[in-house]
Amino acid sequence: MSRFAAPSSVRHSGGRAIAPPISAAGAPRRTPVGWAASRGVVVGAVAVLLVGVGASADAVSDTAASDPMVSGAIVNAAHDVIVGITNSVVFPVTLTGADDSGLSFADVDLKGPHGGFYTTDVFCETATACTTVFTVNAHPAPGSDDPVDLANANAGTWSVDALVDANDGDSVFAPGVGSFGLKRAARLTVNASPEPVAKGARITITGKLVRANWDTYRYAGYAGQAVKLQFRPKASSTYTTVATVNTSNTGTLRTTVKAVKDGYWRWTFTGTTTTGPAKATGDYVDVRP
């Protein structure tokens, strides 16, 4: 279960007991951030001495390559995380990496705008992958020790930090190993009238774009956004953009078009850096000769 915690700048990588994975002989050794680099300097100095007494260059290379590494993080199968105002949203984060002894355990932190922060940890399912699951909601978590909720200011691009242990006890800290969009959910409505309509007459298309307000737990109009009006003929499965209209200061939409043939009208919104996309269900208009 994901949880809220103090920002990573005031957290420590060590100091808490962690049950060892089944494959390990003992508990993983927790190592402060930056330890891997200083350890490399010491190992390098020892390696030079070994070479001086007949150690092979291959032995030096093998020793220097023993630290674990994190190659990337995939969040929610590479899709944005879209959150409304009611339901919890659960999504996976998978770290990939390598170590000669295999990856063992991972602490994963998600960091967002204006102090947004979630953290969790997990034992790795394979020697090269560690998958954990996060749960987020606009509302405080009932009964939680950390009843954190999302605020509108937290919407935007989030980053992934990881502290990963190997089975041999080595650790590596990988800041900014991945990123994703955590966005407010949007909704669109449409209405085309009159229905039916005479061919060549004007049809009025209206609608409204709203998005989740994580501060008030309601949906509210999204002002000043470009929304596409699209049409699909009755015998077709493909929508074509007919016009682009900006929403009013309350999120409403309105335009008129000429009635040419039977078909479906809808509004579609591609989304922004803070808000997810939305499409209205097509409204059918019968055009009569």
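Thresholds, definitions, all that
Residues numbered from 1 in each chain as written. Predicted model: local features only at pLDDT ≥ 70, side-chain atom pairs only at ≥ 80, totals over all residues. Heavy atoms only, no water. Helix = DSSP H or I, 4+ residues; strand = E, 2+ residues; numbered from the N terminus. Buried < 20%, exposed > 50% of the residue type's maximum accessible area, 1.4 Å probe, protein only. Contact = heavy atoms within 4.5 Å. Areas by Shrake-Rupley, 256 points an atom, 1.4 Å probe, with all protein chains shown as cover. Pairing = 2+ DSSP bridges. Axes fitted to C-alpha atoms, helices over the stretch in contact; angles between N-to-C directions. Core = buried A, V, L, I, M, F, W, Y, C linked by side-chain atoms within 4.5 Å. Phe/Tyr/Trp six-rings, centres within 6.5 Å; stacked < 30°, edge-to-face > 60°. Lys NZ or Arg CZ within 6 Å of the ring centre and 35° of its normal. Salt bridge = Lys/Arg side-chain N within 4 Å of Asp/Glu carboxyl O. pLDDT = per-residue confidence, 0-100. Polar contact = N/O pair within 3.5 Å; in protein donor to acceptor, adjacent residues only side chain to side chain.

Asks: Give a description of the overall build of the protein chain that names residues and reports values.
Replies: Helix and strand content of the protein chain: two helices and 19 strands. When burial is assessed residue by residue, the protein chain has 42% of its 289 residues classed as buried. For the protein chain, the proportion of contacts with a sequence separation of at least 24, taken over those separated by at least 6, is 65%. Only carbon and sulfur atoms are counted for the fraction: they give 56% of the accessible area of the protein chain, which is about 14500 Å².

Asks: Pulling in residues and values, what's your account of the sheet that holds strand S7 (residues 156–166)?
Replies: Spatially, the five strands line up as an open sheet ordered S2-S8-S7-S4-S5, and their pairing is mixed. The outermost strands of the open sheet, each flanked by one partner alone, are strand S2 (81–83) and strand S5 (117–123). Within the sheet, the average angular offset between the axes of one strand and its neighbour, ignoring direction, is 25 degrees. Pairing geometry for strand S4 (residues 103–111) and S5, over seven bridges, is antiparallel. Residue pairing in the sheet places Ala106 in a bridge with Val122 of S5.

Asks: Give a detailed account of the nonpolar core, specifying residues and quantitative values.
Replies: Val81, Phe91, Leu95, Leu110, Val136, Val160 and Leu182 are the most contacted members of the largest nonpolar core, which has 34 residues in total. Those elements that provide at least two residues to this core are strand S1 (69–75), S2, strand S3 (89–98), S4, S5, strand S6 (129–136), S7 and strand S8 (171–184). It is S8 that provides the largest number of residues to this core, a total of five residues. Ignoring anything within four residues of it in the chain, the contact list for Leu182 reads Val81, Val83, Val136, Leu150, Ala155, Gly156, Trp158 and Trp214.

Asks: Give me the packing of aromatic side chains: which residues, what numbers.
Replies: Enumeration according to the criterion identifies eight aromatic pairs in this entry. For the pair Tyr222 and Phe269, a centre-to-centre distance of 5.9 Å together with 80 degrees between the ring planes defines the contact as edge-to-face. Within this pair, whereas Tyr222 is found in the loop between strand S12 (218–221) and strand S13 (226–233), its partner Phe269 is found in strand S16 (residues 263–269), the two being separated by 47 residues in sequence. For the pair formed by Tyr222 and Phe269, the shared burial category is buried. Three or more aromatic residues link up through ring pairs in this structure, and these residues are Phe91, Tyr118, Phe134, Trp158 and Phe180. Over the ring of Tyr219 we find Arg187; its NZ or CZ atom is 4.0 Å from the centre of that ring. In this structure, Arg266 packs its charged tip against the face of Tyr239, placed 3.7 Å from the ring centre.

Asks: Can you break down the sheet that holds S1 residue by residue, with the values?
Replies: Spatially, the three strands line up as an open sheet ordered S1-S3-S6, and their pairing is antiparallel. Strand pairing shows two members of the sheet lacking a second neighbour, S1 and S6, which therefore form its edges. Adjacent strand axes in the sheet meet at a mean angle of 20 degrees, parallel and antiparallel pairs treated alike. Where S3 lies against S6, eight bridges are found, and the strand directions are antiparallel. Each bridged residue has a counterpart across the sheet, and for Thr94 the counterpart in S6 is Thr131.

Asks: I'd love a proper account of the pattern of salt bridges, names of residues and values included.
Replies: With the rule as written, the count across this model stands at three salt bridges. Of the charged contacts in the structure, one is a salt bridge between Asp161 and Lys111, with a shortest N-O distance of 2.9 Å. With Asp161 in strand S7 and Lys111 in strand S4, the pair connects residues that are 50 residues apart, well separated along the chain. The salt bridge partner of Arg288 is Asp286, with a shortest N-O separation of 3.1 Å.

Asks: Now, about the confidence of the model for the protein chain: what can you tell me, with residues and values included?
Replies: Counting all residues, the mean pLDDT for the protein chain is 82, and 75% of those residues have values of 70 or more. Every residue in residues 3–64 scores below 50 in pLDDT, and together they form 73 contacts with partners more than four places removed in sequence or on other chains.

Asks: So what's going on with the side chain of Asp161? Which residues, and what values?
Replies: What makes Asp161 buried here is its relative accessible area of 4%. Of the polar contacts made by the side chain of Asp161, one reaches the side chain of Lys111; its length is 2.9 Å.

Asks: Any details on the environment of Ser66? Residues and values, ideally.
Replies: Note on placement: Ser66 falls in the loop between helix H2 (57–64) and S1. By relative accessible area, which is 10% here, Ser66 ends up buried.

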